[in-house]
Every structure is written in structure tokens, then in C-alpha cells.
Amino acid sequence: MKAQPIASHFIDGEYVEDTDGTVIESLYPATGEVIARLHAATPAIVERAIAAARRAQPAWAAMSPTARGRILKRAADIMRERNRELSELETLDTGKPIQETIVADPTSGADSFEFFGGIAAAGLNGSYIPLGQDFAYTKRVPLGVCVGIGAWNYPQQIACWKGAPALICGNAMVFKPSENTPLGALKIAEILIEAGLPKGLYNVIQGDRTTGPLLVNHPDVAKVSLTGSVPTGRKVAAAAAGSLKHVTMELGGKSPLIVFDDADIDSAIGGAMLGNFYSTGQVCSNGTRVFVQRSIKETFLSRLKARTENMVIGDPMDEATQIGPMVSFDQRQKVMSYIEKGKAEGATLVTGGGIPNHVTGEGYYVQPTIFADVTDEMTIAREEIFGPVMCVLDFDDEAEVIARANGTEFGLSGGVFTSDLTRGHRVVDQLEAGTLWINTYNLCPVEIPFGGSKQSGFGRENSLAALEHYSELKTVYVGMGKVEAPY
Ligand code: NAD
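Structural notes, computed from the coordinates. (Residues numbered from 1 in each chain as written. Predicted model: local features only at pLDDT ≥ 70, side-chain atom pairs only at ≥ 80, totals over all residues. Heavy atoms only, no water.)

**Let's talk about the nonpolar core**
Alright, step 1. Judged by nonpolar contacts, the single largest core of 113 residues is most densely connected at Phe113, Tyr202, Val259 and Phe300.
Alright, step 2. At 8 residues, helix 1 (residues 43-62) tops the list of elements feeding residues into this core.
Alright, step 3. Those residues in contact with Phe113 that lie beyond four places of it in its chain are Leu72, Lys73, Ala75, Ala76, Met79, Cys160, Gly163, Ala164, Ile188 and Leu192.
Alright, step 4. In this structure, Phe291, Val374, Ala381 and Val401 belong to the second largest nonpolar core, which totals 28 residues. (Core = buried A, V, L, I, M, F, W, Y, C linked by side-chain atoms within 4.5 Å. Buried < 20%, exposed > 50% of the residue type's maximum accessible area, 1.4 Å probe, protein only. Helix = DSSP H or I, 4+ residues; strand = E, 2+ residues; numbered from the N terminus. Contact = heavy atoms within 4.5 Å.)

Set out below in C-alpha cells:
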């Protein structure tokens, strides 16, 4: 299987190579096979990308929002027409089952281009402020060159979620995908050009943790939006602070999902499974601490175990497959070491816990794993695992579970299952997190703001809220009379 792109980078409307950069091997996680060889950006490539973005941005910003929006909407249409091809590429890049990528990856990227393309005219308006005979008005102006840095779990979605709001506001973007998943963003750049985006406005360069700082520290960059882990977020925010760049931080989590005894138990189990096993558990907002009220614990666990053991693990290109491999060998090692810690610290292994032996070859598979009798102090209840490992914790009452749910440095998301809607609202109101769900989990349509609080980050992606993070207000005070100076 091969997925070799024309070249490693996409700058100023075309593919660009510089073989002086360190080699990045793209491995298909289901087999470990090398499917493409790329090169990390050299400092010369970084300069070239930022210079192209800087050159192109003023003319783009001078276009009407509607004209910019038309191009983004065309890109959305092209992505939908090529959904299968893009989904297969996403599966090669990440190992995620095609059953998922075909409905969740290019399509959510296309939603983002369509949404931001469509709301441009209204969303970018300023305001008029009457001041007696004088008045003031505000304009929403772009920031300039924005840098996007992506994680490996949703490469195409992340490339679009950052690109669409940045572009509609009149910015240019330089996007660096994760070194684990270098392929998808290049296609997004190609499609934008095909849709009519002027060259230089959406550039993609490859690289790893040594390339990112070249972008973050660059004096011509106005904003950095990172999707990644909390330790990386701290480094990027600190570096960006050196030159007071705008930042959006979409970081990790250890989110609570609370199931009360009056919940529709099968829906709650479905929500918990989606919120732990979708994308083989590699989702930042997953509800990995599942708090189950003690009186329904046995029923919950037995039905959950049966449904989990029925999941289809296998070839991600087979449409029947529900669980694919982890993205990399290292990530699987990390997940396996957490599973061992869970066992060693006394959690009860309900199912999974190993590498499935019926999946042959060198793929990075892990069984969907459930631990019960997990306590708040255990490592698996405190640290983000980023794999298919669900921790079930027991609780007795509402006040107790809210306090325990909030007992974490993270604050990305959370959820509640209950048939008492008053309680549902009361509980989410007290959960310290940026995105919350009642009687569902992990749904993130482009219409709603998404992002974290506490150590999970700041800034919001999607919805009108994202526009505030890719633009700033310019205020103009207009004097209509004579200036009365006291001297
Ligand atoms: P990571 O932090 O290792 O890497 C993220 C990106 O940052 C990569 O592109 C990497 O090359 C780059 N990077 C690393 N060090 C850098 C530095 N010093 N300066 C600039 N760039 C640097 O994260 P990952 O392992 O790719 O992704 C998994 C993490 O991402 C998890 O913690 C997950 O929760 C988080 N995540 C968050 C969201 C969200 O929206 N909140 C979404 C997906 C993933």
C-alpha cells in the first residue's frame, strides 16, 4: 500500500520538497508498513511558507467576506465529492476504521468550510455605538499569519477546524500536521487551491516537536492554535508569550461521564462506549472516568461487557471493523503500560487488557478494555491514557460525584446520563469543563463552541465563537463637532 504525496510540503499553491530535512516515515498503523517518506521542514522551508502567507494575506483580507466564503463553500463541496478517497487516506494516515472516517473526518472538515463560508457576511460585522452627537464603530480585522499545529487523531478535521475560521476572517495559515499523520492536510491544501483559494493562503509544512518552535517563535506569526497534549501546550503557550502572540489551546482531558440510577441504561452504555472506544479511544474529549451510581453497577457492567466483547476488531479498511489499531507502536506501548498499572494498583479488569491475538501482522492493536472498582487515586483515573481504556468508578450521591468529577487538573468536557432533566442541568452547571453533554456524549457539530477550561486549554473552536479567536476588534471614535480644548 502506498500513499506517497507529490512532495512533503505545500507552499504558495504548489508542492515543494527539500530533501535536507529529516526523513519522516509514514507508517500504516494496521500493518506497520511504510506507506510514504517525507521530509521535515528545514528552516528555509519554514521561512518560505511564512513569507508566502505574509505576501498573500493583505489582498485576501481586502476581499469581501462573501467572496472569501464562496471559495470555502466550494472546498466543502469538493471534499464531499471526494469523501471516499479522503476517508481512505485518513484511514491510512491514522489506522481509524473506514466505518468512522467515511462519516466523521472529511465530512466534519467539509462542515467547517461550509459553516464558516456561509456565516461570513453576518459573523464578521462590527458594531455602531451612539455617543450623543459623536459615535464610534468597531471593525473585526484579521490577525495576519496564523499557525496551526495538529495532533494525530483527527488530522483532516483539525486542518479544517483551524483553517476555515482563520481564512474566513481574512488571515493566511501555515499548518503543521503531527509527524505521525502527515498526509491528510496536504490534500486539504490541494483542494483549497482547486476551489479557487489564492496561492499562499493555506500552506502545509511537515515536522515534529523541533519544527513547531520555529513557527511559534517566528516574528511574522500573529497567532498559534495548537491541538495537542497539556505538556506541549505549556511549552507552546510559553513560547508564544515571548512575543505576545494570540493562542488557542485545545489540549488533553480526563473527562467524567456520570450515570445516575434513573438513566436509560442502554443509552448510557452506548454513550460510554462511544466516549471511550470511538477512534480506538484516541479522542481528547472522551469520558474516560465513568461514574456509575452503585445501585445499577452490576447491570451496567454486565451489559457493557457483553456489548464490548461483541465489537469487531480488525482491518480498518473493512467496513465492518469497529476497532482499528492505535496510531503508532509508541502509543500502544503507552496504553499497555497504563493497563499494567491499572492491574497492579488493584482495579478489576472486566474485559480486554491485552493485544488481540486474532489480528495478525505488525499492527498496533489493543483490545477495548474496561476496568471496574477504579478509585480516584489510581493512575488510570488521573492521567490521560488516550487509548481504548474505560475506567468505571462507583458513587452514591450527587454532591459526592460532582466533587470527585471536578477533582482533576483537566477541564475539557463531561457528561451526565439521567432521566431527571432538572438534575441533568444542575449537575453540568457545576462541572468544571468547557463542553458538556446531557444524555449523549462527544457530539461536536460545527455549530457549537468546543474547547476546554483548566489545564485543558483556552479559546474555542467552531461556531461564531471561533471568529473571536482569529480576529480582533478595531474601534473608531468619530468626532462630529469642534474640539473643545481647555488650553
Ligand atoms: P503532542 O502534544 O505530542 O503533539 C501535538 C503537536 O504539537 C504535534 O504536531 C507536535 O509535532 C507538535 N509539537 C510538539 N512539541 C512542540 C513544541 N515544543 N512546539 C511546537 N509544536 C510542538 O500531542 P499528540 O500526541 O499529537 O496528540 C494527543 C494529544 O492531543 C492528547 O493529549 C489529546 O488529548 C490532545 N488532543 C486535544 C484535542 C482538543 O481539541 N482538545 C483534540 C485532539 C487531541
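**Focus on the site of the ligand**
Alright, step 1. Around the ligand, a shell composed of 27 residues is seen, among which Gly150, Glu179, Ser229, Thr232 and Glu384 lie nearest.
Alright, step 2. Between Trp152 and the ligand, the recorded distance is 2.9 Å, taken from a side-chain N or O atom to an oxygen atom.
Alright, step 3. Interatomic distance of 2.9 Å between a side-chain N/O atom of Lys176 and an oxygen atom of the ligand.
Alright, step 4. Protein coverage of the free-state accessible area of the ligand, which is 850 Å², stands at 92%.
Alright, step 5. Those elements that place two or more of their residues in the shell around the ligand are helix 8 (212-216), strand 10 (223-227) and helix 9 (230-241).
Alright, step 6. Each residue belonging to the shell around the ligand can be placed in one class, and the counts come to 12 nonpolar, 9 polar and 6 charged. (Near = heavy atom within 4 Å. Polar contact = N/O pair within 3.5 Å; in protein donor to acceptor, adjacent residues only side chain to side chain. Areas by Shrake-Rupley, 256 points an atom, 1.4 Å probe, with all protein chains shown as cover. Nonpolar A, V, L, I, M, F, W, Y, C, P; charged D, E, K, R; others polar.)

**Notes on helix 6 (residues 155-168)**
Alright, step 1. With 14 residues, helix 6 should cover 20 Å at 1.5 Å per step; its first-to-last C-alpha distance of 20 Å lies within 8% of that length.
Alright, step 2. Across the 14 residues of helix 6, 14 count as buried, placing the element largely inside the fold. (Expected span 1.5 Å × (residues − 1).)

**Focus: the pattern of salt bridges**
Alright, step 1. Inspection of every chain in the model, using the stated rule, returns 25 salt bridges.
Alright, step 2. Arg426 is the partner of Glu398 in a salt bridge, and the nearest nitrogen-oxygen pair spans 2.8 Å. Taken as a pair, Glu398 in helix 14 (residues 398-405) and Arg426 in helix 15 (residues 421-430) lie far apart in primary sequence, 28 residues in all.
Alright, step 3. Classification of Arg426 by relative accessible area gives partly exposed; the value is 36%.
Alright, step 4. Where Glu432 meets Lys454, a salt bridge forms, and the shortest distance between an N and an O atom there is 2.7 Å. Remark: Lys454 occurs in the loop between strand 18 (435-438) and strand 19 (457-458) and Glu432 occurs in the loop between helix 15 and strand 18; sequence separation between them is 22 residues. (Salt bridge = Lys/Arg side-chain N within 4 Å of Asp/Glu carboxyl O.)

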